[in-house]
Number of protein chains: 2
Amino acid sequence: MAMKWWGWGEEQRSFPLSDPERFWSFLRDRLGETSIRPRLQSLDQIVLPPSRLAPEALAALRRAAGDAPVATDGGERAVHSLGKGYRDLVRIRRGEVPNPTDAVIYPATEEQVAAILAAASERGIAVIPFGGGTSVVGGVEPAAGGPTVTLDLRRMERVLRIDRIAGTATVEAGIMGPALEAQLNAAGFTLGHFPQSFEYSSLGGWIATRSAGQKSTLYGKIEERVQSVRLLFPGGVVDTPSVPAAAAGPDLTQTITGTEGVLGVITRATIRLSPLPARSDYRGFLLPTFADGVEAAREIMQSGLRPAVLRLSDEPETEVTAVTQMGRAGVNAALLILGFDGEEDEVRLCWERGERILGRHAGQPLGLGLGEAWESSRFDLPYLRDILLDHGVMVDTLETAATWERYLGLYRSVREAMETAMAGRGVVMAHLSHAYPDGASIYYTFLARQDEGREIEQWQRVKTAATQAIIDGGGALSHHHGIGVDHRPWIAAYLGPGGIRALAALKKAFDPQGIMNPGKLTPDSEEPTHV
Amino acid sequence: MAMKWWGWGEEQRSFPLSDPERFWSFLRDRLGETSIRPRLQSLDQIVLPPSRLAPEALAALRRAAGDAPVATDGGERAVHSLGKGYRDLVRIRRGEVPNPTDAVIYPATEEQVAAILAAASERGIAVIPFGGGTSVVGGVEPAAGGPTVTLDLRRMERVLRIDRIAGTATVEAGIMGPALEAQLNAAGFTLGHFPQSFEYSSLGGWIATRSAGQKSTLYGKIEERVQSVRLLFPGGVVDTPSVPAAAAGPDLTQTITGTEGVLGVITRATIRLSPLPARSDYRGFLLPTFADGVEAAREIMQSGLRPAVLRLSDEPETEVTAVTQMGRAGVNAALLILGFDGEEDEVRLCWERGERILGRHAGQPLGLGLGEAWESSRFDLPYLRDILLDHGVMVDTLETAATWERYLGLYRSVREAMETAMAGRGVVMAHLSHAYPDGASIYYTFLARQDEGREIEQWQRVKTAATQAIIDGGGALSHHHGIGVDHRPWIAAYLGPGGIRALAALKKAFDPQGIMNPGKLTPDSEEPTHV
């Protein structure tokens, strides 16, 4: 299966627009006329700067890698040097890979990873852990500066143990979503973790970035599913205790989860599984407004119900969904996909209680079809981005989370900031897709006609405006994409000097040389001034 | 209300033995003849060493404290220098307070706390945050060495804000359980956090030690209820973000929760509330054996059910409970208290499903009475300890948690280690009281005739044997009591060198002088050797 270096997923796959003519006419109305944009035809056309790895250093890395493949050709270097964000795709379509990694190593064992870290540490070579490479915040992009090696962990993909009694599995971090889920399913379990990147992202990547899946409202974000992790850092290892709960100082699993490779390489984890549900029942509803839907979502979560799926689109996203996937125009309402997993009688009771709440907010059932349509197409949307980029449309997503009392205020202020940054010539749409008793996520998609030749500056304006509005409004700097390069300018404002002190202390303790994924997560001046 | 300095709770309260004669005869059979032990009659009789605070230092602390009371009399110093563990009560009944604190300050504001930390930091004075003082692991006991001041936080007891939309409250850390719960109940909410110490322990203490409550199987340990915390450390403050979830580096709330005052003083927290349940329905069952009950508990948790109470006594504890609380002898089975909180129809469905599972494990219902009896008496048990100590009986508790596949093996090995350490002349009993899909806690009580004059050495032998067996068997070093002084010798073995590196880095970053609650949690040599 050939993967797109210039876009999402597999070369043979594209997004099935239900009514292309209506779709393009709808977009033209909103964005103005756009034009087909050329892109580089072949990966071979990308001209990379020469490797910064001295021959001796490369030889030492090869020795450390043992029988693990070490790639230094341009194609491998290029595809490991950018993620899958809008900025990444714009650049790689132009052939711009400003700071390519100098070598890609494919270790298969923890011993190889440890040896590579030791060799890199001895020579001050930067090391970037790489899972599926689907970061949309610049999480796998090398920093400008010294020599860099990327550890592609895809060969570390074994399910080491499934414990049927505890309902846990110990798994190597490089395993991709479908391979993991298939092996768990065969044993009667599920992890229940389905990020949009599911097909091409890895367990280790999920843990490193605190990923959320489309059913995380029930199954929990990945940090709730991780019982313990193993982190190899330059010079040592952390194995956090595999216990259901403890009162033994800080929760080290939660201290390592989300560190985006800046402390070391997560090589394995023990994860909590759920039995495969006897029944999954997902349905569509229309609420009069997004605000009505938010209120219903809050009531559902605070009533103790735990839907597997609770996805509420605002009015613009509902309209676009209707055009894109149903071929219908002019819908002005808020689309809700709600669904429960569980035993038959349990799911029935959940629906009784859930429908009572939706009824109080004038929710209109759309029947089963929409829930099923959503489920069968839920990994397709990133393919639409490729079509839009081909047609000269800027399209990206960003996300946050907020407590309920701040939710609608933040939703509006971020939206307005983005609209202003696009000078009113774009589409901003959003949905709520992960809900908690105390709040929920907000996930924005924004589109505009590309400003040709200044695509990245144009995008950066929107991103900056949105992120500043998120910080000002008390939202999470990220709910599940992570910090990477893109959100790093705001991390100090988000965590405050005290929080940065903790982060800097961990960085210094585990990676005193600063070789682990430099330029991500931790702010530039890692030693905080005394407050 | 006068509090017992020599025991638990209020002077006027004692444990209501249902049939004292049968109880003592039962104990005599197991432990042999014990004798009434005298104790110090008055707090005034305790002779403390002179204060180590130089007059200038005390004056500086008084200035920093502003209008906060500063106590230096012997009684105040003594009762703030020990917790409520067995070792503490043995010592204070003898009048032994080996390392008393030198002053007790009662700040009412964060400004006062910050000023006191600054003054203490300037002079190298150790600072111990003190909530209810109910630690059973030596968590509030001063270390030998330099001058020490204790911050009694009971005046910081305001509920600052209840947010009815988000379902959260921001509360000062010194508030005690009943005052907090009463104010939340009045607003229609509950925290659902009821440790056995509930009546005399504080929110800040719960957070500092990762406390669990009797209904934590549903409502979660305190770390699951904490949305954000404020930590004042010498020279700064950490305010963790108040968001429902995030992907912005390590979870700083979980990094600070459980740090037992060694990084700074937790002064406030935003906690997640639950609506008061429409119905609470707790019932008693008898299972043929503890092993049957553990299997039923696992099935209940893995089926997705979340009981508010799931407390399963092993055979010895069931027998003692029958003698103590029901006046019945010769019961050989495992007592289960199971209960659900929720909406009427939800609780009904939970019982249908729960009883189906219990039926498969030959569970016999005992009716409603026992569940209610348990609920009405659930804070009484520590009072029984005072009666036992008066009668020359060693009695203490210790706890751990393990994943299900290790559970019964660990249960037996710890039990055998304790029995061996007591040379077969004691009673060891246990219960499972907090359950998770992947495992559960084990809570032991042990009793023996006191070895007069060597009470602490006798206790230490049992404690050491049990703790080593916990570590060897893959259990949590503590599930909800914390580390304090008592578990500190094992923390390095439990967390490993990599884990200790993280802990040491945080300690050094927030408390470089080592003035915050010295001698607790972090091991002696805080700088790990390079691994």
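Reading the values: the criteria
Residues numbered from 1 in each chain as written. Chains lettered and ligands numbered in written order. Predicted model: local features only at pLDDT ≥ 70, side-chain atom pairs only at ≥ 80, totals over all residues. Helix = DSSP H or I, 4+ residues; strand = E, 2+ residues; numbered from the N terminus. Rg over C-alpha atoms; globule rule 2.2 N^0.38 Å. Buried ≥ 20, exposed ≤ 12 C-beta atoms within 10 Å, placed from the backbone. Contact = placed C-beta atoms within 7 Å. Expected span 1.5 Å × (residues − 1). Bend = angle between axes of the 7 residues up to and from the residue. Domains from an automatic or database assignment. Least-squares fit on C-alpha atoms with pLDDT ≥ 70 in both.

Undergrad: I would appreciate a short explanation of the overall build of chain A in the present structure.
TA: Counting secondary structure elements, chain A contains 18 helices and 19 strands. For 531 residues, the compact-globule formula gives about 24 Å, and the C-alpha radius of gyration of chain A, at 23 Å, lands near that figure. Each principal axis of the C-alpha distribution contributes one length, and for chain A these read about 70 × 55 × 55 Å. Taken over 531 residues, chain A has a buried fraction of 60%. For chain A, long-range pairs separated by at least 24 residues make up 75% of all intrachain contacts whose partners lie at least 6 apart in sequence.

Undergrad: Explain the environment of lysine 508 of chain B here, please?
TA: Residues and elements named next belong to chain B. Here lysine 508 shows up in helix 18 (residues 491-510). On the basis of neighbour count, lysine 508 is assigned to the partly exposed category, with 17 C-beta atoms found within 10 Å. C-alpha separation for the pair lysine 508 and leucine 263, spaced 245 residues apart in sequence, amounts to 8.6 Å.

Undergrad: Where do I start with helix 18 (residues 491-510) of chain A in this structure?
TA: Two residues of an α-helix separated by three or four positions point the same way, owing to the 3.6 residues in each turn. Residue and element names in this part refer to chain A. For helix 18, spanning 20 residues, the distance from its first C-alpha to its last is only 20 Å, which falls clearly below the expected 28 Å at 1.5 Å a residue. The principal kink in helix 18, of about 95 degrees, is found at proline 497. Most of helix 18 is tucked away, with 14 of its 20 residues classed as buried.

Undergrad: Help me understand the domain arrangement of chain A in this model?
TA: Buried accessible area, meaning the area lost when the parts come together, often serves as the stated size of an interface. Each assigned domain of chain A is listed here: domain 1 (42-152), domain 2 (159-275), domain 3 (279-378) and domain 4 (487-531). Between domain 1 of chain A and domain 3 of chain A, the C-alpha centre-to-centre distance is 43 Å.

Undergrad: Would you take a moment to explain the interface of chain A and chain B for this structure?
TA: The partner chain B presents 78 residues to the 78 residues of chain A that form the contact. Sorting the residues of the side of chain A that touches chain B by element identifies strand 9 (236-239), helix 10 (252-256), helix 13 (344-360), strand 16 (393-403), helix 16 (404-421), strand 19 (439-449) and helix 18 of chain A as the ones contributing at least two each. Sort the elements by how many residues they give to the side of chain A that touches chain B and helix 18 of chain A lands first, with 15 residues.

Undergrad: Help me understand the relation of the copies chain A and chain B, please; the structure alone is not making it clear to me.
TA: Here two copies of a chain appear, and what relates them is a rotation about an axis with a shift along it. Overlay of chain A on chain B (RMSD 0.0 Å): rotation 180 degrees, translation along the axis 0.0 Å. What the rotation and shift describe, once combined, is the action of a two-fold rotation axis. A share of 100% of the interface residues of chain A reappears at the interface of chain B, consistent with the copies meeting face to face through the same patch.

Undergrad: Would you mind going over unusual backbone geometry with me for this structure?
TA: Negative phi characterises most residues that are not glycine, and trans characterises most peptide bonds. All names here are of chain B. Unlike most non-glycine residues, glutamate 260 shows phi in positive territory, near 55 degrees. Owing to 28 C-beta atoms within 10 Å, glutamate 260 belongs among the buried residues under this scheme. Its identity as a non-glycine residue notwithstanding, alanine 362 has a phi of 60 degrees, on the positive side. Topologically, alanine 362 is positioned in the loop between helix 13 (344-360) and strand 15 (364-367). Residue alanine 362 is classed as partly exposed on the basis of its 14 C-beta neighbours within 10 Å.

Undergrad: Can you walk me through helix 4 (residues 86-94) of chain A in this structure?
TA: Residues and elements named next belong to chain A. Every buried residue belonging to helix 4 is among Tyr86, Arg87, Asp88, Leu89, Val90 and Ile92, and all of these are buried. Turning to helix 4, the residues buried within the fold contact helix 15 (381-390), strand 16 and helix 17 (455-472). Glycine 95, located one to two residues past helix 4, shows a positive phi value of around 85 degrees.

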